[in-house]
Amino acid sequence: MARVSTARLDDTFRLLEERLATISDVYSAASVLAWDRQTYMPEGGVVGRAEQLATLARLAHEMLVSPKTGELLEHAGGREPGSDEAALLRLARREYERASRLPARLVAETSRVTALAEPAWIQARDESDWSLFAPHMERVLTLKQEEASYLDGEHPYDAMLDRYDPGSSTHRLRSMFRELKAGIVPLVRDISTKLGEDRTAPLRGCFDEAAQEAFGRDVISSFGYDWGKGRQDRAVHPFCVNFGAPGDVRITTRFDPRLLPVGLFGTCHEAGHALYEQGVDPSYSRTPLAGGVSMGVHESQSRLWENLVARSRPFWSHFYPRLRDAFPGVSGDIETFYRAVNAVRPSEIRTEADELTYDLHVLLRFELEVDLFENGLSVADLPEAWNAKMEEYLGIVPENDALGVLQDTHWAIGYFGYFPSYSVGNVLSVQLFEAAVEGRPEILPEMERGQFGTLLGWLRENVYCHGKKYEPDDLIERATGRPPETGPYLRYLESKFGELYGFVDEV
Ligand code: ZN
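Residues numbered from 1 in each chain as written. Predicted model: local features only at pLDDT ≥ 70, side-chain atom pairs only at ≥ 80, totals over all residues. Heavy atoms only, no water.

Enquirer: Describe the overall build of the protein chain, naming the residues involved and giving the relevant values.
Expert: A tally of regular secondary structure across the protein chain gives 20 helices and three strands. A principal-axis box enclosing the C-alpha atoms of the protein chain has dimensions of 75 × 55 × 45 Å. The burial tally for the protein chain puts 56% of its 507 residues in the buried class. A separation threshold of at least 6 residues defines the contact pool for the protein chain, and within that pool the share at least 24 residues apart is 74%. (Helix = DSSP H or I, 4+ residues; strand = E, 2+ residues; numbered from the N terminus. Buried < 20%, exposed > 50% of the residue type's maximum accessible area, 1.4 Å probe, protein only. Contact = heavy atoms within 4.5 Å.)

Enquirer: Hey, could you go over the environment of Glu 109 for me, with residue numbers and the actual values?
Expert: The topology assignment puts Glu 109 in helix 5 (residues 104–127). A relative accessible area of 28% places Glu 109 in the partly exposed class. Here the alpha-carbon distance between Glu 109 and Arg 58, two residues 51 residues apart in the chain, equals 9.0 Å. A polar contact is formed between the side chain of Glu 109 and the side chain of Arg 112, at a distance of 2.7 Å. (Polar contact = N/O pair within 3.5 Å; in protein donor to acceptor, adjacent residues only side chain to side chain.)

Enquirer: Give a detailed account of the coordination of the zinc ion, specifying residues and quantitative values.
Expert: Each protein donor to the zinc ion is listed here as His 269 (NE2), His 273 (NE2), Glu 299 (OE) and Glu 299 (OE); together their distances run 2.1 to 2.5 Å. Coordination at the zinc ion is irregular: its four donor atoms span angles of 54 to 143° at the metal. Read from N- to C-terminus, the donor residues coordinating the zinc ion fall into the pattern H-x3-H-x25-E. Of this pair, His 273 sits in helix 10 (residues 260–278) while Glu 299 sits in helix 11 (residues 295–309), placing them 26 residues apart in sequence. Each member of the pair, His 273 as well as Glu 299, is classed as buried. (Donors = N, O, S within 2.8 Å, 3.2 Å for Na, K, Ca; no water. Tetrahedral: all angles 85-135°; square planar, octahedral: opposite > 155°, others 65-115°.)

Enquirer: Would you mind going over the packing of helix 16 (residues 420–439) against helix 19 (residues 472–480) in detail, with residue names and values included?
Expert: Axis separation between helix 16 and helix 19 bottoms out at 9 Å; the angle between their running directions is 30°. Compared by their axis directions, helix 16 and helix 19 come out roughly parallel. Across from Leu 428, Gln 431, Leu 432 and Ala 435 in helix 16, the residues of helix 19 making contact are Ile 476, Ala 479 and Thr 480. (Axes fitted to C-alpha atoms, helices over the stretch in contact; angles between N-to-C directions. Parallel < 35°, antiparallel > 145°, perpendicular 65-115°, else oblique.)

Enquirer: Can you lay out the environment of Phe 416 for me, pointing to particular residues and giving the numbers?
Expert: Tracing the sequence through the fold places Phe 416 in the loop between helix 15 (382–394) and helix 16. When the C-alpha atoms of Phe 416 and Gly 291 are compared, they prove to be 20 Å apart, with 125 residues separating the residues in sequence. Beyond its immediate stretch of four places on either side in the chain, Phe 416 contacts Met 137, Val 140, Leu 141, Lys 144, Met 160, Tyr 164, Glu 369, Leu 372, Phe 373 and Trp 411.

Enquirer: Can you lay out the pattern of salt bridges for me, pointing to particular residues and giving the numbers?
Expert: This structure, assessed with the given rule, holds 37 salt bridges. For the salt bridge of Glu 109 with Arg 112, the shortest nitrogen-to-oxygen distance reads 2.7 Å. Remark: Arg 112 and Glu 109 occur in helix 5; sequence separation between them is three residues, near one turn of the helix. Overlapping salt bridges, with partners in common, bring together Arg 98, Lys 144, Glu 147 and Asp 162 in one network. (Salt bridge = Lys/Arg side-chain N within 4 Å of Asp/Glu carboxyl O.)

Enquirer: Explain the sheet that holds strand 1 (residues 232–234) to me, and be specific about the residues and the numbers.
Expert: With mixed pairing, the three strands of this open sheet are ordered in space as 1-3-2. If you trace the sheet from one side to the other, it starts and ends with strand 1 and strand 2 (240–242), each paired once. Direction aside, neighbouring strands of the sheet carry axes that sit 25° apart on average. With three bridges connecting them, strand 2 and strand 3 (residues 249–253) associate as antiparallel partners. Directly across from Val 241, in strand 3, lies its bridge partner Arg 250. Along the sheet face, helix 10 touches strand 1, strand 2 and strand 3 and points at about 170° away from the line of strand 3. (Pairing = 2+ DSSP bridges.)

Enquirer: Give a description of the packing of aromatic side chains that names residues and reports values.
Expert: Two measures describe an aromatic ring pair: the distance that separates the ring centres and the angle between the ring planes. Taken as a whole, this structure holds 30 aromatic pairs when the rule is applied. Aromatic side chains Trp 35 and Tyr 40 sit 5.7 Å apart centroid to centroid with 65° between the ring planes, which places their arrangement in the edge-to-face category. Of the residues examined, Tyr 40 reaches a relative accessible area of 49% and is grouped as partly exposed. Here the aromatic rings of Phe 223 and Phe 452 are separated by 5.1 Å at their centres, their planes lie at 80°, and the arrangement is edge-to-face. With a gap of 229 residues between them, Phe 223 in helix 9 (residues 209–223) and Phe 452 in the loop between helix 17 (443–448) and helix 18 (453–462) connect regions that are remote in the sequence. Each of the two residues, Phe 223 as well as Phe 452, counts as buried. Directly above the ring of Trp 35 sits Arg 250, whose terminal nitrogen or CZ lies 4.6 Å from the centroid. Positioned over the ring face of Phe 419 is Arg 365, at 5.4 Å from the centre of the ring. (Phe/Tyr/Trp six-rings, centres within 6.5 Å; stacked < 30°, edge-to-face > 60°. Lys NZ or Arg CZ within 6 Å of the ring centre and 35° of its normal.)

Enquirer: With reference to specific residues and values, describe the pairing of strand 3.
Expert: With respect to burial, strand 3 is a largely interior element, five of its five residues being buried. Burial of strand 3 is two-sided: the residues Val 249, Ile 251 and Thr 253 facing one way and the residues Arg 250 and Thr 252 facing the other way are all buried. Relative to strand 3, strand 1 runs parallel, the two being bridged by three bridges. Within the sheet, the bridge partner assigned to Asp 233 lies in strand 3 and is Thr 252. Here strand 2 hands over to strand 3 after six residues, with Gly 244 in that stretch at a positive phi of 90°.

Enquirer: With reference to specific residues and values, describe helix 6 (residues 130–150).
Expert: A rise of 1.5 Å per residue sets the reference length of helix 6, with its 21 residues, at 30 Å; its end C-alpha atoms lie 30 Å apart and thus fit the reference within 8%. Of all the bends found along helix 6, the most pronounced is centred on His 136 and spans about 25°. Buried residues of helix 6: Trp 130, Phe 133, Ala 134, His 136, Met 137, Val 140, Leu 141, Leu 143, Lys 144, Glu 147 and Ala 148, and no others. Of the surrounding elements, those touching the buried residues of helix 6 are helix 4 (84–100), helix 5, helix 7 (156–164), helix 14 (358–374) and helix 15. (Expected span 1.5 Å × (residues − 1). Bend = angle between axes of the 7 residues up to and from the residue.)

Enquirer: Provide a residue-level description of helix 19, including the pertinent values.
Expert: Among all positions of helix 19, only Pro 472, Leu 475, Ile 476, Ala 479 and Thr 480 are buried. Across the axial projection of helix 19, the buried residues extend over an arc of 105°, all falling on one side. Check the buried side of helix 19 and you find it contacts helix 10, helix 11, helix 16 and helix 18. Trailing helix 19 by a residue or two, Gly 481 shows a phi angle of about 80°, which is positive. (Arc of directions from axis to C-beta.)

Right, dumping it as structure tokens:
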């Protein structure tokens, strides 16, 4: 008898898997349409594409919340604790419960409104005119506030955070940012007194775009980005997208012909996301286990490859001679160049910020989002509130809104609650990198030779392959032996920038 009921349980589980695979396919199809919208679609496609995306979002949502899915979830039974099946059920139930609370109308409307808001944001940013984007921002924010009202959370903003970082909360982030602020603000202050000459001169000039692209491709090929399972295109706001399987993980890049870091570090950043996605166990494809476990852990990988690798001395000892071959206009010694790519200079744009001031850009956005969701900050007052916080944290007021409140795409596409993931990612990037180097000390000498296989192997084994199987905190503890903590990150910043700006002994 027991065998019969196990067989029935297995049948139910298989039916559930099939259903979840179909839903995953619909989301993947929507991702292809969204990727196309941001890369190749002509302007005339905006309205039609918004409808198509809304339809797919509604179909996937309806299938997920249908009584049939609920029934299968209910009867799929308990699975072996710690197994992939148990994790799949836990994740599917969480998605089902979250989605069941949201009306299909709201889901489709959010998809449609954000698909229209994004091109409006691009135009508003091009013309530096907040009034072109403000009505769209109102609509997106209202829908997101409505979404939060259907979901749990001590704070309405918690519902936004939970989507990107399961287990995160406003309370927890406040305490993380308090620690970051206490560590970073005095460092920035110390460095500000020593800023002196602008160290970034070697990064400015005229850099042929094709040469930038080729150099970036060489770098991320050496990281292990698999071109047979990906490609690189141009986009206004670079991103990485996975079309439902580790076999098609694409990245996009933006190049600035006058500023080398935009394209180069942007490419390394998106490649970090892609390495994570390409490294997930392929058997998880089309299941809730596929993809990165949280945006915080995801950003830890983009930031690890961008900063701990591509802004490090070992990396440049290999790549600097190659960079000079690619761009004959670049001159000076390697140390000058290393100082240039790590120059601290409070600036307006988050994606171009140095490692040290980066988290202050995130802190500002976190506080503004909390104010929008909980403290009645209005869309009309947002540009002014933005500029006030820029002055408070970075000592500068953006010249215009394109360099200020209009710089990021996140709000246009409805990604409220995403920004804190960047700082969570910074924190985790150092904790993971240090654990990797401790476990495999050959990583650093290999980096000096332009080899990254051991590092990638450690990350694949300890982070990437697991997909969403473990909760984010568990994953970090399994990989590093400790729960997530800010200590390693703050010590790293102090040591690196202390040495660069000469207020601690050389390390
Ligand atoms: Zn990223």
